[in-house]
2 protein chains.
Amino acid sequence: MSAIKIALFGLGTIGTGVADILLNRHEHIRKVTGHDILLARICDKDIVSQRDTYISPDILTNNPDSIFNDPEITVGIELIGGIEPARTFVLRLLENGKDVVTANKALLAEHGAELFAAARQNGRTIAFEASVCGGIPILSSIATSLQANTILSINAIVNGTSNFILSQMEHGGTSYSSAVKEAQKLGYAEANPAMDVDGTDAVQKLAILAQLGFGAAVNWKDISRMGIESVDAIDFKFANDLGYRIKLLAVADVGEEGLELHVAPTLVKFDNPLARVQDAFNAVRVVGDYVGSVFFQGLGAGRKPTASAIAGDIIDTVLGRTKITFNTLNLWKDDKEVMPIKRSDNFYGKSYLRFDAEDRPGVMRDFAAVFSEKNISIASMIQHEINTINDNSSKQKAVIILITHESREGDLLAAIEKLEKIPSIQGKIIRMRVQD
Amino acid sequence: MSAIKIALFGLGTIGTGVADILLNRHEHIRKVTGHDILLARICDKDIVSQRDTYISPDILTNNPDSIFNDPEITVGIELIGGIEPARTFVLRLLENGKDVVTANKALLAEHGAELFAAARQNGRTIAFEASVCGGIPILSSIATSLQANTILSINAIVNGTSNFILSQMEHGGTSYSSAVKEAQKLGYAEANPAMDVDGTDAVQKLAILAQLGFGAAVNWKDISRMGIESVDAIDFKFANDLGYRIKLLAVADVGEEGLELHVAPTLVKFDNPLARVQDAFNAVRVVGDYVGSVFFQGLGAGRKPTASAIAGDIIDTVLGRTKITFNTLNLWKDDKEVMPIKRSDNFYGKSYLRFDAEDRPGVMRDFAAVFSEKNISIASMIQHEINTINDNSSKQKAVIILITHESREGDLLAAIEKLEKIPSIQGKIIRMRVQD
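Residues numbered from 1 in each chain as written. Chains lettered and ligands numbered in written order. Predicted model: local features only at pLDDT ≥ 70, side-chain atom pairs only at ≥ 80, totals over all residues. Heavy atoms only, no water.

Engineer: Tell me about the overall build of chain A, and name the residues and values.
Structural biologist: When helices and strands are tallied, chain A shows 15 helices and 17 strands. In terms of principal-axis extent, the alpha carbons of chain A reach across some 80 × 45 × 35 Å. A buried classification covers 58% of the 436 residues belonging to chain A. Long-range contacts, defined here as pairs at least 24 residues apart, represent 73% of the contacts in chain A between residues at least 6 apart. Total accessible area on chain A stands at roughly 17000 Å², and carbon and sulfur atoms take up 48% of it. Each charge class in chain A was averaged separately, 45 positive and 54 negative side chains, and the resulting centres sit 1 Å apart. (Helix = DSSP H or I, 4+ residues; strand = E, 2+ residues; numbered from the N terminus. Buried < 20%, exposed > 50% of the residue type's maximum accessible area, 1.4 Å probe, protein only. Contact = heavy atoms within 4.5 Å. Areas by Shrake-Rupley, 256 points an atom, 1.4 Å probe, with all protein chains shown as cover. Lys, Arg positive; Asp, Glu negative; His and termini not counted. Charge placed at Lys NZ, Arg CZ, Asp CG, Glu CD.)

Following this line, the structure appears as structure tokens:
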């Protein structure tokens, strides 16, 4: 049994976890695969700092060429993150005849077509289970076990940071900003959590799920996106009264006019398993025409769960399972029939709206007229005087909460634009999606 | 592209579902796999009755030899169920150079070693995702995505019939027997539901999970088993008061002395996702040392979900993924290091006990003495006069509910034996496991 030499780029949190599993579980992996998988080289800018796992200085390098040019290395693991130099490194690995394993959702969501074309051209493969939902085997399940199904919808909580923040707000009754601070303190959010809380991370993962589940070729920047920054502690109270929890949901849903794709804070009914996903957990609900609804939940981030997924991909690559899957799926391939993406104007669903209004006669008539004009009917409404919520505010204001019946998103946005111009309605109208 | 011919044995509910997906989704499967997978022949004793899916009489046969002897058929699907003739047919398929796909948990749990040896000897493969939890991709996830992990535990609801009955009892407050009738009416239970409610089906599936997750070679008949027949409507009330739901759990748990395997009605804490699995759903919670806890939920039975899993296996077999997995897993292989199975006497855990006792001074002292003697300490106790539960009973009786602290199962059973001999304790002592 000859050793299979692999190399790793990026020795941050995840990279150290992957080094740990490959070095310390080497014998276990040899037993279950029959292969001696050897971490031969690790490339990072910083080869001086100590990491949590002991790594022999002999395998550390800050020269990527020493990997690209080593013909004995057959698999490269890209854990640098971001676009550059990750993109260049992946291309160079492929051009030099090495298979790639990556956890980089941003890179795939932006340059998937280019990278997969390069892999095909060089007869190599790219495995990327860890790029969506960390340790949850969601990509392989869609790509293999569920492959005889036509996938009808994917609803997912793919960003653990946002879910942790929303859970803190729900259970602790804390404000958005103190929940963010708590998440930062516990290591669930970075110093700048913008990409997590504004939905960018989630749309990048949704773009990958959409390609895999529906063959949809979509730039993540074109996916309808709302973040959680405007969610307020009072929204949880109102949602709870109406039988919902609030989750940042990534949704891909097949309709007659094509695929509806969006990421948004969403009111999810109590009895939906997604409503019960707490803290930093991720979860995915896939509906297939034969299998029905299948629900997956697990840790979507963190050193060890992500290392589990990457090690699974490395083994699949070494054993040849990745090659088979890569060749049959033909992801991001030019000549593939692609599913059309629905314009967000034509999305159709229920919405939750919250806004402040002057608490005087005639105000409700004003906004009711706007909804009526735009063909939006109201399913339920709660009006709270502001002083029942925050005693420091002016007593003249009321908080209005509405849930609409199903309506066209274009109509709703037109109504919101008009409502925000009514003088008795104060500030912005906060909008979330509603899923029953 | 030449057609790949496959054959199916058994045209019952599941067989008809598989015929349906292969015949009606032929083009979809061709697109996602690049192969023209042709259902060339179906063998059943009954080739006359109409099925829900149109099947050309040309492919129907009641002569299995016409399949064994057809060199063009490369894959055989065994959906007969039970031991014979399924076992003989699988062996003959393998001997005749055909790969096998099966959903038959009883066959694998009883003859796994023989069948896998025959497959290896003939250079063929056996795929069996549908044998455990129908449409949920649990076996492939353990076998591939989670393969770098050491699996620490598997807790699962693998029998939809029992879960439906328990759900009915919990929500409807109905008796066991009327819940069984309701399950039969809706098609969730067979006329004779013994194998489902006594835990036989669940231990067979657990034996397969134990082999896959832990390399444990265990005869399903040796697995500790309790059924749900003794669960009473009042147990749900008491469990609820104490913060639990009641589920038939299949458990495989690695400890220092080996693997603990059992199937039993179990009190599961509200916040455990397994507690929330309702109706005929199945669910599995796998804990791996790197991935942490991963939870899967879906439909574990029924025509379409099972057909989804079988079609996935057929595709994996045709593409060659099954071959790779089969060769590396070495399931049921003689010379493999096997994990020792813990004797049930040495299981260690909390228990729920319910029994009727005379409601008079001194009774509690009597049974408290037994627990003390056997080293079992009581975590909580509820005593209800029987007339608060059932007005028709004698008013002299009380129902006693106990939850023990962690204790050795051998000690507990000795205590129960002794308790049942105390004259003031009436009838059998009902026991369930408790999982916090």
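Engineer: Break down the packing of aromatic side chains for me, with residues and values.
Structural biologist: In this structure the tally under the stated criterion is 22 aromatic pairs over all chains. Measuring from centroid to centroid gives 5.3 Å for F116 of chain B and F326 of chain B, while their planes differ by 20°, and the two rings are stacked. With a gap of 210 residues between them, F116 of chain B in helix α5 (residues 105–121) and F326 of chain B in helix α13 (residues 321–329) connect regions that are remote in the sequence. For the pair F116 of chain B and F326 of chain B, one class covers both residues: buried. Of the aromatic side chains, those joined through ring pairs into one cluster are F116, F128, F326 and W332 of chain A. In this structure, K304 of chain A is placed above the aromatic ring of Y290 of chain B, and the distance from its NZ or CZ to the ring centre is 4.7 Å. (Phe/Tyr/Trp six-rings, centres within 6.5 Å; stacked < 30°, edge-to-face > 60°. Lys NZ or Arg CZ within 6 Å of the ring centre and 35° of its normal.)

Engineer: Let's hear about the pattern of salt bridges: which residues, and what values?
Structural biologist: With the rule as written, the count across this model stands at 64 salt bridges over all chains. For R433 of chain A, the salt bridge is made with E409 of chain A, and the minimal N-O distance between the two is 2.8 Å. On the criterion of sequence distance, the pair formed by R433 of chain A in strand β17 (residues 425–435) and E409 of chain A in helix α15 (residues 409–419) is long-range, its members being 24 residues apart. Just as R433 of chain A is buried, E409 of chain A falls in that class too. Across the salt bridge formed by R30 of chain B and E27 of chain B, the nearest N and O atoms sit 2.6 Å from each other. Remark: E27 of chain B and R30 of chain B occur in helix α2 (residues 26–33); sequence separation between them is three residues, near one turn of the helix. For R30 of chain B, a relative accessible area of 27% puts it in the partly exposed group. (Salt bridge = Lys/Arg side-chain N within 4 Å of Asp/Glu carboxyl O.)

Engineer: Lay out the interface of chain A and chain B with the relevant residues and their values.
Structural biologist: Many structure descriptions define interface size as the accessible area lost when the parts assemble. Each partner contributes residues to the interface: chain A has 48 residues there, and chain B has 48 residues. Between chain A and chain B, a total of about 4100 Å² is buried, with carbon and sulfur atoms accounting for 53% of that surface. Run the count over chain A and chain B and you get two salt bridges. Close ionic contact of R25 of chain B with D289 of chain A constitutes a salt bridge, the shortest N to O distance being 2.3 Å. Looking at the side of chain A that touches chain B element by element, the count peaks at nine residues for helix α12 (residues 303–319) of chain A. For the side of chain A that touches chain B, the class distribution of residues is 20 nonpolar, 18 polar and ten charged. Bridge count between strand β12 (residues 292–299) of chain A and strand β12 (residues 292–299) of chain B: three bridges; the pairing is antiparallel. Bridged to F296 of chain A within β12 of chain B is F296 of chain B. (Buried area = accessible area lost by both parts, 1.4 Å probe. Nonpolar A, V, L, I, M, F, W, Y, C, P; charged D, E, K, R; others polar. Pairing = 2+ DSSP bridges.)

Engineer: Residues and numbers for the relation of the copies chain A and chain B, please.
Structural biologist: Mapping chain A onto chain B calls for a screw motion: a turn of 180° about the axis and a shift of 0.0 Å along it, with 0.0 Å RMSD after fitting. Each copy turns onto its partner about a two-fold axis. Residues of chain A ranked by C-alpha distance from the rotation axis are headed by F296 of chain A, positioned 2.3 Å from it. A high fraction, 100%, of the interface residues of chain A reappear at the interface in chain B, so the copies pair face to face through one surface. (Least-squares fit on C-alpha atoms with pLDDT ≥ 70 in both.)

Engineer: Can you explain the packing of helix α5 (residues 105–121) of chain A against helix α10 (residues 200–214) of chain A? Please cite residues and give values.
Structural biologist: All names here are of chain A. Where α5 meets α10, the axes come as close as 8 Å, and the angle between the chain directions of the two elements is 55°. Between α5 and α10, the angle is such that the two are oblique. When the axes of α5 and α10 are compared, the crossing they make is left-handed. Between α5 and α10, the residues in contact are K105, A106, L108 and A109 and D201, Q204, K205, A207 and I208, respectively. Tallied by class, residues from the contact of α5 with α10 come to five nonpolar, one polar and three charged. (Axes fitted to C-alpha atoms, helices over the stretch in contact; angles between N-to-C directions. Parallel < 35°, antiparallel > 145°, perpendicular 65-115°, else oblique. Left-handed = near helix turned anticlockwise from the far one by under 90°.)

Engineer: Residue-level account of helix α6 (residues 138–145) of chain B, with values.
Structural biologist: The element α6 of chain B is extensively covered by neighbouring structure, given that eight of its eight residues are classed as buried. Buried within α6 of chain B are the following residues: I138, L139, S140, S141, I142, A143, T144 and S145 of chain B.

Engineer: Describe α5 of chain B, and please don't skip the residues or the numbers.
Structural biologist: All names here are of chain B. H111 marks where α5 bends most, by close to 90°. Residues A106, L107, L108, A109, G112, L115, F116, A118 and A119 constitute the buried set of α5. Each element contacted by the buried residues of α5 is listed here: β4 (73–78), α4 (86–95), β5 (99–102), β6 (126–127), α10 (200–214) and α13. Between the side-chain oxygen of the N-cap and the backbone nitrogen of A106 there are 3.3 Å, and the N-cap of α5 in question is N104. (Bend = angle between axes of the 7 residues up to and from the residue. Polar contact = N/O pair within 3.5 Å; in protein donor to acceptor, adjacent residues only side chain to side chain.)

Engineer: Quick rundown of the sheet that holds strand β5 (residues 99–102) of chain A? Include the residues and the values.
Structural biologist: Residues and elements named next belong to chain A. Within the open sheet, the six strands sit side by side as β3-β2-β1-β4-β5-β6. Their pairing is parallel. Of all strands in the sheet, those bounded by a partner on one side alone are β3 (60–61) and β6 (126–127). Sheet analysis places strand β2 (residues 36–43) next to β3, joined by two bridges and oriented parallel. Bridge pairing in β3 places C43 opposite T61.

Engineer: I'd like to hear about the environment of R124 of chain B, residue by residue, with values.
Structural biologist: Residues and elements named next belong to chain B. Note on placement: R124 falls in the loop between α5 and β6. Spatially, the C-alpha atom of R124 lies 47 Å from that of I430, the residues being 306 residues apart in sequence. Side-chain polar atoms of R124 contact the side chain of D99, separated by 3.0 Å.

Engineer: Could you give me a rundown of the domain arrangement of chain A, with the residues and numbers involved?
Structural biologist: Residues and elements named next belong to chain A. By the assigned domains, chain A splits into domain 1 (3–134 + 305–329), domain 2 (138–299) and domain 3 (344–435). The distance between the C-alpha centroids of domain 2 and domain 3 comes to 24 Å. Tallying the contact residues gives 26 residues for domain 2 and 20 residues for domain 3. Carbon and sulfur atoms make up 65% of the surface buried where domain 2 meets domain 3, a total of about 2000 Å² over both sides. Of all residues in domain 2, the largest losses of buried area upon contact with domain 3 belong to M226, F238 and L267, amounting jointly to 29% of the total for that side. (Domains from an automatic or database assignment.)

Engineer: Requested: an account of unusual backbone geometry, with residues and values cited.
Structural biologist: Cis peptide bonds are those with omega within 30 degrees of zero, and the linkage from E84 of chain A to P85 of chain A qualifies with 5°. Mapped onto the elements of the fold, P85 of chain A is located in the loop between β4 (73–78) and α4 (86–95). Located in the positive-phi region is D279 of chain B, a residue other than glycine, with phi close to 55°. Residue placement: D279 of chain B occurs in the loop between β10 (258–269) and β11 (281–288). Classification of D279 of chain B by relative accessible area gives partly exposed; the value is 36%.

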